[in-house]
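Reading the structure
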Amino acid sequence: MRISVDPDLCYGSYDCVHRVPSVFTTAGGFGAVLPGREDAGDDQRVRDAAQWCPSQAITLTE
């Protein structure tokens, strides 16, 4: 599964970064996916981060 973070929805809670720092980072004050980690969506921690994102900015796609 592919991960993306919509910067228009993200308001920078950094919850994703705290949950999975090996996949998420900050960029311009918002959450972002680390380069090369876009396909880490099969990780349960990433799915949890998407589910619990307070702004629902994380999307997982096949």
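Let me begin by describing the structure that accompanies this report. (Residues numbered from 1 in each chain as written. Predicted model: local features only at pLDDT ≥ 70, side-chain atom pairs only at ≥ 80, totals over all residues. Heavy atoms only, no water.)

**Details of unusual backbone geometry**
Selection criterion: Only protein chains enter the accessibility calculation, which uses a 1.4 Å probe. A residue is then buried if its area is under 20% of the maximum for its type, exposed if over 50%, and partly exposed in between. Helix numbering and strand numbering both begin at the N terminus, where a helix is a DSSP run of H or I of at least 4 residues and a strand a DSSP run of E of at least 2.
With phi around 65°, Tyr14 is a residue other than glycine that occupies positive phi space. Judged by relative accessible area, Tyr14 falls into the partly exposed class, the value being 27%. Not every positive phi belongs to a glycine, and Gln56 is a case in point at roughly 55°. Considering the arrangement of structural elements, one finds Gln56 in the loop between α2 (44-52) and β4 (58-61). Accessibility expressed as a relative area gives 47% for Gln56, which makes it partly exposed.

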